[in-house]
Amino acid sequence: MTTRRAAGLAAAVAAVLAGCAPPRYRPPALPPAAAAPPPQAAPSSAATPVVPATSSLPQPDAPLGLDEVIASVTSRYPPWLSTLLERDLAAGRLLQAMGNFDTNLTSRSGRQVAGYYEATTFGAQLEQPLATGDTVYGGYRISDGGLPDYSKDRTQDAGELVFGGRIPLFRDRGFDRRRAVVRQAEIAAELADPTIARARIDYVRSAARVYYAWVAAGQRLRIANDLLRLATERVADLQRGVERQFLAAIDVTDNERLIAQRQTFVARAERQLQQAALELSLFLRDAGDAPIVPDGKRLPADVPAPQPLDEATLMADTEEALQRRPELRRLQLQLDRAETDRQLASNQTQPQLDVVVEASRSLSSDPYLDPSQEELFVGGELRLPLRQRDAYGRLAQAEAAIRRLQIDNRFTRDRIVNDVADARSALRAAHAQYVAGRRNADLARQVVDAEKRAFELGRSDMFRVQLRELQFADAEALAVEAWLDWHRALADHRAARGVDATAAGGGGGRPPPKTPASGRAPRRVSRASPPPART
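Here we summarise the structure given alongside this text. These numbers come from a predicted model, not from an experiment.

Next up on the list: the overall build of the chain. When helices and strands are tallied, the chain shows 10 helices and 8 strands. Long-range pairs, those at least 24 residues apart, make up 79% of the contacts in the chain with a sequence separation of at least 6. Counting every atom, the chain has about 27600 Å² of accessible surface; 54% of that belongs to carbon and sulfur.

Okay, structure coming up:
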């Protein structure tokens, strides 16, 4: 009966102590220049980016928009899904660290089989580390047989209950290794968020650049086909001109050579489009996570024309970048981790002086007369390394790490500001190139039309017509490259501002108000309107 009572008391003690745990880590709030901004509403249009991952599945013949690609990236892109597992890994490490505060059950039993005394001993004990640095324990022990008076294992017939604790006074009082391990794991769990945010920015940026490269490849193919069409459509006219002796037969032969050359351009452009589609398929996936290679029929008929940069938004873009970019958040958490190391190392430089308190109560009074029914022991234990090189070495490392992270933090802020400025410079230059390229293409079209009229009137020849067509093709190709450069710069600009760090960073369309724009509706470039150009 007394044994069952002892076991019940021990179980009660374990239930109470099992709830002991260190206070949870609370990450510090970032200053206004680095705190996460409130979510922005998502304006409409198809210029750039972020839509919920629950958008509808791709339609086989519907024009492929960037929002569909980004939805696929944020729901099915394997590297993104792999990055999301950082949270699970961090949660597992935190659970492992919390094991430092698990209740420990130890038991021992044995029999002295040789010597003057013969006895059997048994003991069981529950030990619970506390978040205050203390350790408490409780248990039961019993012996059977003869043991000397000075033996700690000697008990009455029914055994005895033992309760005690170890209380550190200096080292491990305010902070100890167990609490440090838990805090480090909690900081690592918080670090998963900026890691995931940085990955999201990079993956959305890469997907946008690849998508626009695919659209540009489709425009180059259209230009090559239009250029080929011009050469094939005039075959009949050239043959009639030869029959009526207005033209030499060599003009027909030269046009056939031109058709073969332009067929080569078309084949090259088709290969470039296929290559771009294959690269895009890594980001675009179906419900079974298989890559979708988009067909040429899914090329958008209209593409947004580049817009001029709003020069008044430089400061707003910079502030937004400092608010959204996850690098500053990661550095702040790393500083907290280094500060945890410094706090632990500073604590370990103190002497270890522990107070030990132990109380015991016998559950019977037989067979020995000398043991008291209740006993109390109070003592102390001092442990002091004389040189403390380990603790002071760890302290020096932690302080150096803090100084290094402070320097990294200042440089990271400078780099973020520089990224925004560079992205805006790229947008400005790409828009200027696009405007000049469109002007060049418009003038080249006028020259082609004038040269064709001169040929019809007999004041020009096929060589000059072909030359004007090639000049026009070059102008169109330059305009396409400028269009692609602007949209790539726009993706870089969003990444520099950290717009896509979270799902709330933007909507399935035009970027938030700070995106460079003139304020008017974007000019749409029709797929059929640009004249032919050479690849």
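With that settled, the discussion passes to the sheet that holds strand 6 (residues 352–362). Strand order in this open sheet of 6 strands is 1-2-3-4-6-7, and the pairing throughout is antiparallel. At either margin of the open sheet sits one strand with a lone partner, and together these are strand 1 (104–111) and strand 7 (374–383). The average angle at which neighbouring strand axes cross in this sheet is 15°, direction not considered.

At a minimum axis distance of 7 Å, the contact between helix 9 (residues 389–456) and helix 10 (residues 462–497) shows a crossing angle of 160°. Classified by the angle their axes make, helix 9 and helix 10 are roughly antiparallel. For the pair helix 9 and helix 10, the sense of crossing is left-handed.

This part is about the layout of surface pockets. Its volume calculated, the second largest pocket comes out at about 470 Å³. The wall of the second largest pocket is formed by 16 residues, among which Arg234, Asp237, Leu238, Phe455 and Glu456 lie closest to the centre. Residue assignment for the lining of the second largest pocket shows that the elements contributing at least two residues are helix 4 (177–233), helix 5 (235–243), helix 9 and helix 10. Residue contributions to the lining of the second largest pocket peak at 4 residues, all from helix 5. Across the lining of the second largest pocket, the residue classes break down as 7 nonpolar, 2 polar and 7 charged.

This paragraph deals with the packing of helix 2 (residues 66–76) against helix 3 (residues 78–98). The interhelical angle for the contact between helix 2 and helix 3, taken along N-to-C directions, is 40°, at an axis separation of 6 Å. As the angle between them shows, helix 2 and helix 3 are arranged oblique. Where helix 2 abuts helix 3, its residues Val73, Thr74, Ser75 and Arg76 lie against Pro78, Trp80 and Leu81. A breakdown of the residues in the contact of helix 2 with helix 3 according to their chemical character gives 4 nonpolar, 2 polar and 1 charged.

In this section: the side chain of Thr83. If you trace the backbone, Thr83 turns up in helix 3. Leaving out residues up to four positions away in the same chain, Thr83 has contacts with Thr195, Ile196, Ala199 and Tyr203.

Right, let's talk about the pairing of strand 3 (residues 135–145) for a bit. As judged from the 11 bridges shared by strand 2 (residues 119–129) and strand 3, these two strands associate in the antiparallel manner. Counterpart to Thr120 in the pairing with strand 3 is Asp144. Taking the residues between adjacent antiparallel strands as the criterion, strand 2 and strand 3 are bridged by 5 residues, where Gly133 takes a positive phi near 95°. Where strand 3 lies against strand 4 (residues 160–168), 7 bridges are found, and the strand directions are antiparallel. For Thr135, the partnering residue across the bridge sits in strand 4 and is Arg166.

Turning our attention to the nonpolar core. Grouped together as the largest cluster of nonpolar side chains are 45 residues, with contacts concentrated most on Val69, Tyr211, Trp214 and Trp483. Contributions of two or more residues to this core are made by helix 2, helix 4, helix 6 (249–281) and helix 10. Sort the elements by how many residues they give to this core and helix 4 lands first, with 18 residues. Apart from the residues lying within four places of it in its own chain, the contact partners of Val69 are Leu64, Ala207, Tyr211, Leu280, Phe283 and Leu284. Ranked by size, the runner-up nonpolar core spans 7 residues in total, among them Leu328, Ile416, Ala423 and Ala496.

Here we take up helix 4. Over its 57 residues, helix 4 extends 83 Å from the first C-alpha to the last, a length consistent with the 84 Å expected when each residue adds 1.5 Å. Counted residue by residue, helix 4 has 40 buried out of 57 residues, so it is predominantly covered.

Let us now look at the pattern of salt bridges. For the structure shown, the criterion picks out 38 salt bridges. One salt bridge in this structure joins Arg205 and Asp492, with 2.6 Å as the shortest N-O distance. Taken together, the positions of Arg205 in helix 4 and Asp492 in helix 10 put the pair 287 residues apart, joining distant regions of the chain. Close ionic contact of Arg497 with Asp317 constitutes a salt bridge, the shortest N to O distance being 4.0 Å. Remark: Asp317 occurs in helix 7 (residues 314–324) and Arg497 occurs in helix 10; sequence separation between them is 180 residues. Judged by relative accessible area, which is 0%, Arg497 ranks as buried. Residue classification places Asp317 among the buried residues on the basis of a relative accessible area of 0%. Bridged by salt links that share partners, the residues Glu311, Asp317, Glu320, Arg324, Arg424, Arg428 and Arg497 form one connected network.

This part is about the environment of Arg179. Looking at the element boundaries, Arg179 is found in helix 4. Along the primary structure Arg179 and Thr340 are separated by 161 residues, whereas in three dimensions their C-alpha atoms are 9.6 Å apart. Only 3.1 Å separates the side chain of Arg179 from the backbone oxygen of Arg173, close enough to count as a polar contact.

Basis of the calculations
Residues numbered from 1 in each chain as written. Predicted model: local features only at pLDDT ≥ 70, side-chain atom pairs only at ≥ 80, totals over all residues. Heavy atoms only, no water. Helix = DSSP H or I, 4+ residues; strand = E, 2+ residues; numbered from the N terminus. Contact = heavy atoms within 4.5 Å. Areas by Shrake-Rupley, 256 points an atom, 1.4 Å probe, with all protein chains shown as cover. Pairing = 2+ DSSP bridges. Axes fitted to C-alpha atoms, helices over the stretch in contact; angles between N-to-C directions. Parallel < 35°, antiparallel > 145°, perpendicular 65-115°, else oblique. Left-handed = near helix turned anticlockwise from the far one by under 90°. 1 Å grid on protein atoms, 1.4 Å probe; cavity = no way out; pocket = protein on both sides within 12 Å on 5 of 7 lines; lining within 4 Å. Points joined across faces, edges and corners; volume = space filled by probe spheres on them. Nonpolar A, V, L, I, M, F, W, Y, C, P; charged D, E, K, R; others polar. Core = buried A, V, L, I, M, F, W, Y, C linked by side-chain atoms within 4.5 Å. Buried < 20%, exposed > 50% of the residue type's maximum accessible area, 1.4 Å probe, protein only. Expected span 1.5 Å × (residues − 1). Salt bridge = Lys/Arg side-chain N within 4 Å of Asp/Glu carboxyl O. Polar contact = N/O pair within 3.5 Å; in protein donor to acceptor, adjacent residues only side chain to side chain.

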